[in-house]
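These are the residues of each chain, in order.
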Amino acid sequence: MSTPAAERMPALFLSHGAPPLADDPLWVAQLQALAAGLPRPRAILVASAHWESAPLMLGATTPVPLVYDFGGFAPHYYQVQYRAPGAPQLADQVAALMPDTETVARTDRGLDHGAYVPLKVMYPDADIPVLQMSLPTLEPDRLLELGGRLAPLRDEGVLIVASGFTTHGLPFLRDFRTDAPAPGWSREFDDWAAETLAHGAVDELAEFRDRAPGMPYAHPTIEHFSPMFLALGASGDPERAPGQPIDGFWMGLAKRSLIMA
């Protein structure tokens, strides 16, 4: 059943943060404020930088476990739980939206930290069905197209979340304090992304590997920036400037996040 037009869900691009995000009062407050301003989702569809798999894969629907896909953190981060209900109906809807040429596979893989870390902050009661899907490609054009196919779900009360990081040059960080000053390459890339998004210059944005200042330091690999194009595609109008409700830096990395109404 479709939700009323006023309750149409947005699409989000979230800079998701490592597990210690939950210990950062400012970032937690920003994510909580973002969630508080949204209609309550019927379900959440999330694609994370930490699950690249082709063909398109749909994760566990019942139960939905967590994948602790990180190392070197304090033991309590491996004891976090997020017992969200499964979303088998949403999995069927996603599969039905794909063309005959797009293979869709199912798996019992759970939510990785790119999915559950921000969702645990935004929806701590874990009472909204969640489905994670893989990124079958990192190419902007294909992700824009895929996001466009998913856009009708927004009229069904589905919150589409693409989870990555606006800059992610971990190998080039030298100061690992959470409030460390942003390196020049991180700040330059973030400024360029903010301005390019504000102008709706999607074609320029899609050429970030060649055109953005701060490359390749800002993204020595591109899996954390590419999810943005899925969210832009799901907006239905990628050239419309998105909202940028969260900005700033965490450990020198740009945590800019977007909302496409």
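The structure we're discussing is the one just above.
Residues numbered from 1 in each chain as written. Predicted model: local features only at pLDDT ≥ 70, side-chain atom pairs only at ≥ 80, totals over all residues. Heavy atoms only, no water.

1. Structural notes on the environment of Val46
Inference 1: Relative to the helices and strands, Val46 resides in strand S2 (residues 43–52).
Inference 2: Expressed as a C-alpha distance, the spacing of Val46 and Pro220, which sit 174 residues apart in the sequence, is 23 Å.
Inference 3: Excluding anything up to four places from it in sequence, Val46 contacts Ala115, Val130, Leu131, Gln132, Met133 and Val161. (Helix = DSSP H or I, 4+ residues; strand = E, 2+ residues; numbered from the N terminus. Contact = heavy atoms within 4.5 Å.)

2. Notes on the packing of aromatic side chains
The description of an aromatic ring pair rests on the distance of the ring centres and on the angle between the ring planes.
Inference 1: Considering all chains together, one arrives at 15 aromatic pairs under this definition.
Inference 2: Seen in terms of ring centroids, Phe70 and Tyr78 are 4.9 Å apart; in terms of plane orientation they differ by 40°. Their pairing is tilted.
Inference 3: Using a relative accessible area of 29% as the deciding quantity, one classes Tyr78 as partly exposed.
Inference 4: Ring geometry for Phe172 versus Tyr217: centroids 4.9 Å apart, planes at 75°, classification edge-to-face. On the criterion of sequence distance, the pair formed by Phe172 in the loop between strand S6 (158–164) and helix H5 (184–198) and Tyr217 in the loop between helix H7 (208–211) and helix H8 (227–234) is long-range, its members being 45 residues apart.
Inference 5: Judged by its relative accessible area of 40%, Tyr217 falls in the partly exposed class.
Inference 6: Ring pairs connect the aromatic residues Tyr68, Phe70, Phe73, Tyr77, Tyr78 and Tyr116, which therefore count as one cluster. (Phe/Tyr/Trp six-rings, centres within 6.5 Å; stacked < 30°, edge-to-face > 60°. Buried < 20%, exposed > 50% of the residue type's maximum accessible area, 1.4 Å probe, protein only.)

3. Structural notes on a negative patch on the surface
Inference 1: Together, Asp141, Asp203, Asp237 and Glu239 line one region of the surface with negative charge.
Inference 2: Along the chain, Asp237 falls in the loop between H8 and strand S7 (243–246). (Patch = residues over 30% accessible without salt bridge, like charges linked within 9 Å, V, L, I, M, F, W, Y side chains within 5 Å. Areas by Shrake-Rupley, 256 points an atom, 1.4 Å probe, with all protein chains shown as cover. Salt bridge = Lys/Arg side-chain N within 4 Å of Asp/Glu carboxyl O. Lys, Arg positive; Asp, Glu negative; His and termini not counted. Charge placed at Lys NZ, Arg CZ, Asp CG, Glu CD.)

4. Points about the environment of Ile222
Inference 1: Mapping Ile222 onto the fold places it in the loop between H7 and H8.
Inference 2: Through-space distance from the C-alpha of Ile222 to that of Pro55 is 19 Å; in sequence the pair is 167 residues apart.

5. What to know about the side chain of Ser235
Inference 1: Structurally, Ser235 is set in the loop between H8 and S7.
Inference 2: For Ser235, a relative accessible area of 10% corresponds to the buried category.
Inference 3: Every residue in contact with Ser235, bar those within four places of it in the chain, is listed here: Arg154, Met260 and Ala261.

6. A few points about the pattern of salt bridges
Inference 1: Tallying each qualifying case throughout the model produces 9 salt bridges.
Inference 2: Note that Arg106 is salt-bridged to Asp92, the shortest N-O span being 3.1 Å. Here Asp92 lies in helix H2 (residues 88–97) and Arg106 lies in strand S4 (residues 104–106), a separation of 14 residues in the sequence.
Inference 3: Ionic pairing is found between Glu139 and Arg209, a salt bridge with its closest N-O pair at 3.1 Å. Of this pair, Glu139 sits in the loop between strand S5 (130–135) and helix H4 (140–150) while Arg209 sits in helix H7, and the two are 70 residues apart along the sequence.
Inference 4: The class of Glu139 is partly exposed, set by a relative accessible area of 37%.
Inference 5: The exposure class of Arg209 is partly exposed, given its relative accessible area of 36%.

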